[in-house]
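# Tertiary structure, described
Okay, here's what each chain looks like letter by letter:
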Amino acid sequence: MNGSNQPKRVLHVIGAMDRGGAETLIMNIYRSMDRGAVQFDFLVHDDRECDYDAEIEHLGGRIFHLFRFTGANYLVYKKALRSFFRDNHDYCAVHVHIGSCAAIVISESKRFDLYTVAHSHATRATLSLPEIGFRFFSYPTRFLADVYLACSRQAGIDRFGRSVVDGKRFSVLINGIDTERYRFNNDTRAKLRSQLHIDDDCPVFGHVGRFSKEKNHVFLLHVFAHIVQSVPSAKLLLVGRGPLEKEIQDLSMRLSIENSVMFLGVRDDIPDLLNAFDVFLFPSVWEGLGISAIEAQASGLPCLLSSSLPPISSITPSVKSLALDEGEEAWAQAAERLLKESSSLDRGDCSEIVRSAGFDIHDTVDALMSLYLKHDLSALQLISGSDHA
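Residues numbered from 1 in each chain as written. Predicted model: local features only at pLDDT ≥ 70, side-chain atom pairs only at ≥ 80, totals over all residues. Heavy atoms only, no water.

Assignment of secondary structure puts Gln154 in helix H6 (residues 153-160). What makes Gln154 partly exposed here is its relative accessible area of 40%. Taking C-alpha positions, Gln154 is 39 Å from Ser256, a pair spaced 102 residues apart along the chain. A polar atom in the side chain of Gln154 sits 2.8 Å from the side chain of Asp158. (Helix = DSSP H or I, 4+ residues; strand = E, 2+ residues; numbered from the N terminus. Buried < 20%, exposed > 50% of the residue type's maximum accessible area, 1.4 Å probe, protein only. Polar contact = N/O pair within 3.5 Å; in protein donor to acceptor, adjacent residues only side chain to side chain.)

Bringing the sheet that holds strand S1 (residues 8-14) into the picture now. Each strand in a sheet pairs with another by means of backbone hydrogen bonds, the pair being arranged parallel or else antiparallel. Spatially, 7 strands are ordered S3-S2-S1-S4-S5-S6-S7 in an open sheet, and the strand pairing comes out parallel. On the outer flanks of this sheet lie strand S3 (62-65) and strand S7 (170-172), each paired with one strand and no other. For this sheet, the mean inter-axis angle between neighbouring strands, taken without regard to orientation, is 20°. Looking at chain direction, strand S6 (residues 147-150) and S7 are connected through 3 bridges and run parallel. If you follow Ala150 over to S7, its bridge partner there is Val172. (Pairing = 2+ DSSP bridges. Axes fitted to C-alpha atoms, helices over the stretch in contact; angles between N-to-C directions.)

Moving on, we get to the pattern of salt bridges. Overall, the coordinates contain 20 salt bridges when judged by the stated rule. In this structure, Arg31 engages Glu55 in a salt bridge whose closest nitrogen and oxygen atoms are separated by 2.7 Å. Placement of Arg31 in helix H1 (residues 21-32) and of Glu55 in helix H2 (residues 53-58) is noted, with a sequence separation of 24 residues between them. By relative accessible area, which is 32% here, Arg31 ends up partly exposed. The partly exposed category is assigned to Glu55, whose relative accessible area is 26%. A salt bridge links Glu287 to Lys215; its shortest N-O distance comes to 2.4 Å. One end of the pair, Glu287, is in the loop between strand S11 (279-282) and helix H12 (291-298); the other, Lys215, is in the loop between strand S8 (204-208) and helix H9 (217-230), and 72 residues separate them in sequence. Each member of the pair, Glu287 as well as Lys215, is classed as buried. Ionic contacts of the salt-bridge type, sharing partners, join the residues Asp18, Asp46, Arg48, Asp51, Arg68 and Arg241 into one network. (Salt bridge = Lys/Arg side-chain N within 4 Å of Asp/Glu carboxyl O.)

The next point concerns the packing of aromatic side chains. Inspection of the entire model under this criterion finds 15 aromatic pairs. Measuring from centroid to centroid gives 6.0 Å for Tyr30 and Phe42, while their planes differ by 55°, and the two rings are tilted. Pair noted here: Tyr30 is in helix H1 and Phe42 is in strand S2 (residues 38-44), with a separation of 12 residues, a long-range link. Relative to Tyr372, the ring of Phe40 lies with its centre 6.0 Å away and its plane at 90°, an arrangement referred to as edge-to-face. Taken together, the positions of Phe40 in strand S2 and Tyr372 in helix H15 (residues 361-374) put the pair 332 residues apart, joining distant regions of the chain. Each of the two residues, Phe40 as well as Tyr372, counts as buried. (Phe/Tyr/Trp six-rings, centres within 6.5 Å; stacked < 30°, edge-to-face > 60°.)

What follows concerns the packing of H9 against helix H10 (residues 245-254). The contact between H9 and H10 brings their axes to 10 Å, and the two run at 20°. In terms of orientation, H9 lies roughly parallel with respect to H10. Of the two elements, H9 crosses H10, and the hand of that crossing is right-handed. On the side of H9, the interface is formed by His217, Val218, Leu221 and His222, while H10 contributes Glu247, Ile248, Leu251 and Ser252. Across the contact of H9 with H10, the residue classes tally to 4 nonpolar, 3 polar and 1 charged. (Parallel < 35°, antiparallel > 145°, perpendicular 65-115°, else oblique. Left-handed = near helix turned anticlockwise from the far one by under 90°. Contact = heavy atoms within 4.5 Å. Nonpolar A, V, L, I, M, F, W, Y, C, P; charged D, E, K, R; others polar.)

Counting buried residues along H6, 6 of its 8 residues qualify, which places the element largely inside the surrounding structure. Those residues of H6 lying buried are Ala155, Gly156, Ile157, Asp158, Arg159 and Phe160. Gly161, located one to two residues past H6, shows a positive phi value of around 95°.

This part covers the environment of Leu244. Mapped onto the secondary structure, Leu244 falls in the loop between strand S9 (235-239) and H10. Relative accessible area serves as the criterion here: at 27%, Leu244 is assigned to the partly exposed category. With 32 residues separating them in the primary sequence, Leu244 and Ser212 have C-alpha atoms 5.7 Å apart.

Here S6 shows a buried face lined by Val147 and Leu149 and a second buried face lined by Tyr148 and Ala150. Bridge count for strand S5 (residues 116-120) against S6 is 4 bridges, and the pairing is parallel. Note on S6: the bridge partner recorded for His119 is Leu149.

What follows is the structure, encoded as structure tokens:
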């Protein structure tokens, strides 16, 4: 049991603590909160060491490992969870980020009277056999949790249903960032470009995102292939990794743009790296929010975003939203216009605009701590506001 001078503990249930949108949000919160009052533990569904594991342990968190839920292993998974909570149930909240097994996690934690939070980080994916299975197993969640959070209203509706979202136990949780870290800096821009061997006057388009279907890298590369026909000196910087990375590398060679595309892998210096970009491209097929797009805007970047992103993702005046069905050429032309417009302006500091829109991590932390410690959702509902909800 927690002693009076020991921090309360929250259990985060998630797939793996790699550099993804949900994981980055959790770590932004973890770094910024009072860890003397609240500590995080993690129940992950992967045996390997993940990107954030070392930092989690350095910050005082504990990591527990469990095998992945497949549907076919329902009974075995349920039994393993029951055993876990029997040994580990001293939590002020269980915060579940993974949807397919959320109903099982919540029902088993309820055996020990734990306060449960179900969290949706994405809008509904394209219908497929795996997606049908996901919806089947996640459906009961909407009847079980104490509180429901989502990165946008639509992400909440898609996961939990409209009746939950319209009820009193739901709130949008703003995916806050440390806006101060994203202030544009010319010296940092020069330093990063030098490290990447990119000339000062080279037009740089950039993207930050996992190499997976929803991020739409195939479309992105075809767009960039059109751009280099008009702007031969242009570079495309791709940050991230994922199952489709090799496929995208091969595509860059088939499109004969491999010398203009730089695959930078996973980076821990995203706030600095964004200074080196000129235009940010984000053609996702679906997104809950698109935290990378928020970070890019805080850095003062002109951004071309897919219209599949929720309206709250467009914050600064230099954002253009475009439907994917407008096609690759239209996207290329829009990106080139953003490049031309930005070249005639000094890149401003937009971090304050992003902060004022409610995306500052410190506001998110204060409201979330109230939820964890007091089981009070009102502070989150207040900062999310009607525009976000």
